[in-house]
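Each chain is listed here by its residues.
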Amino acid sequence: MIRRVGKPSAMVAALAVAALAVAGLVPSSSVASTRERCPLPVFGPGSAYHPKIVPGHFSPRVTNPWFPLKAGSTLVYTGVKDEQRALNIVTATSRTRRVDGVKTRVVEDRLYLDNVLRERTSDYYAQDRCGNVWYFGEDTAELDEHGHRVSTEGTFHAGVDGAQPGVVMQARPEVGRVFRQEWYPGHAEDRFWVLSRDASIRVPYGSFRHALRTAEATDLEPDVLDNKYYARGIGQVAELSGRGPAESLRLVEIIS
């Protein structure tokens, strides 16, 4: 990190304001203003899940280093899914969509199995003012071998029919803390937690140390658990099954 002379860090500024407040030289409300907080939803037994969303606190400009969404950037993954050769192409578009009052970034996700397009999804992400990335919904379609839509199961939009947004990446990931990534009971119930902030992973695109390793699960498929790996400045570099059918996707190319 480069520190510029003459510009105090946020922490130093906050301590200075706090000291002045104690001395009665500035109002105590100024102290609170230096501690901008973005309350993250609590997940656990007995806790109601209904995040408080203030649209003005979100932006479609997603710059979280663990989950950056640079408009025009495409990540290409290859591997195996459903015992077939898989090609997954994920593109952060320049388009936005308003979901639950929030202006989100549209990300297009295409999954090919044995060279045939089988899933087509538009995902909607936004970043809060503290750097946490939220997932506000998706429009997804499963296709048959002829390209005909056979299912839209999993589609949800926060704010519609009780669906709620979820957190997909903290600004400062905490090991062990569980988050809902999405919440539409009976349709979209993914949750995740960080297992390590110092993992190593090797994929066709390169080798990474100090990667973020997470686990993902859903009550809709209790026998399935996936591990994902994230590299700073890139985002997801691998998805590997930890329990359930043997599946894998690894980053092979970034097009920008």
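Data block above holds the structure.
Read on for a plain summary of the structure. (Residues numbered from 1 in each chain as written. Predicted model: local features only at pLDDT ≥ 70, side-chain atom pairs only at ≥ 80, totals over all residues. Heavy atoms only, no water.)

## Side note on the overall build of the chain
Selection rule: Each helix corresponds to a stretch of at least 4 residues labelled H or I by DSSP, and each strand to a stretch of at least 2 residues labelled E; elements are numbered beginning at the N terminus. Any two residues having at least one pair of non-hydrogen atoms within 4.5 Å are treated as being in contact. Accessible areas in this description were obtained via Shrake-Rupley with a 1.4 Å probe; residue shielding takes into account the shown protein chains only.
If you tally the helices and strands in the chain, you get 2 helices and 16 strands. Excluding contacts between residues fewer than 6 apart, the proportion of contacts in the chain whose partners are at least 24 apart in sequence is 45%. A total of about 14,300 Å² of accessible surface is found on the chain, and carbon and sulfur atoms cover 51% of it.

## Thoughts on the pairing of strand E5 (residues 116-128)
Applied cut-off: By the convention used here, strands pair only if DSSP detects at least 2 bridges between them.
In this sheet, E5 lies alongside strand E1 (residues 58-59) in antiparallel orientation, the contact comprising 2 bridges. Looking at the pairing, Phe58 lines up with Asp128 of E5. Relative to E5, strand E4 (residues 102-113) runs antiparallel, the two sharing 9 bridges. In the strand pairing of E5, Glu108 is matched with Ser122. Sheet topology note: the E5/strand E6 (residues 133-143) ladder contains 9 bridges and is antiparallel.

## Considerations on the pairing of E6
Put simply, the rule reads: When accessible area is computed with a 1.4 Å probe and restricted to protein chains, residues below 20% of their type maximum are described as buried, those above 50% as exposed, and intermediate ones as partly exposed.
Burial analysis of E6 places 9 of its 11 residues in the buried class, which makes it a mostly covered element. Counting the residues that bridge the hairpin from E5 to E6 gives 4 residues, and of these Gly131 lies at a positive phi of roughly 100°. Bridging between E6 and strand E9 (residues 164-169) involves 3 bridges; their strand directions are antiparallel. Paired with Trp134 across the strands is Val167, a residue of E9. One ladder, built from 2 bridges, connects E6 with strand E8 (residues 156-157); its direction is antiparallel.

## Overview of the pattern of salt bridges
Basically, it comes down to this: Salt bridge, as used here: a side-chain nitrogen of Lys or Arg that lies within 4 Å of a carboxyl oxygen of Asp or Glu.
This model, assessed by the stated rule, comprises 8 salt bridges. Note that Arg95 and Glu108 form a salt bridge whose closest N and O atoms lie 2.5 Å from each other. Of the two residues, Arg95 is situated in strand E3 (residues 84-99) and Glu108 in strand E4; the sequence distance between them amounts to 13 residues. Taking relative accessible area as the criterion, Glu108 reaches 12% and is therefore assigned buried. In this structure, Arg110 engages Glu108 in a salt bridge whose closest nitrogen and oxygen atoms are separated by 3.1 Å. Residues joined in a network through salt bridges with shared partners are Arg95, Glu108 and Arg110.

## Let's talk about the packing of aromatic side chains
Heads up, the condition is: Pairing of aromatic rings covers Phe, Tyr and Trp, the last through its six-membered ring, and needs centres within 6.5 Å; plane angles under 30 degrees mean stacked, over 60 mean edge-to-face, and all others mean tilted. To sit over a ring, a charge needs its Lys NZ or Arg CZ within 6 Å of the ring centre and within 35 degrees of the ring normal.
Scanning the model with the defined rule gives 7 aromatic pairs in all. Among the aromatic residues, those joined into a ring-pair cluster are Phe67, Tyr125, Tyr135, Phe156 and Tyr230. Directly above the aromatic system of Tyr49 lies the positively charged group of Arg180, at a separation of 5.5 Å from the ring centroid. Positioned above the aromatic ring of Trp183, the side-chain terminus of Arg180 is 3.6 Å from the ring centre.

## As for unusual backbone geometry
Although it is not a glycine, Glu83 adopts a positive phi angle of roughly 60°. Among the secondary structure elements, Glu83 is positioned in the loop between strand E2 (74-81) and E3. Although it is not a glycine, Asn115 sits at a positive phi angle of roughly 70°. Within the secondary structure layout, Asn115 lies in the loop between E4 and E5.

## A word on the environment of Leu113
Mapped onto the elements of the fold, Leu113 is located in strand E4. The spacing of Leu113 and Gly79 is 34 residues in sequence and 9.6 Å in space, taken between C-alpha atoms. For Leu113, the contacting residues outside a window of four places in its chain are Lys81, Asp82, Gln84, Arg85, Ala86 and Arg118.

## Thoughts on the side chain of Gln236
The residue Gln236 is located in strand E15 (residues 235-243) in this model. The exposure class assigned to Gln236 is buried, which follows from its relative accessible area of 17%. In contact with Gln236, other than residues within four places in its own chain, are Leu75, Tyr77, Lys228, Tyr229, Tyr230 and Leu251.

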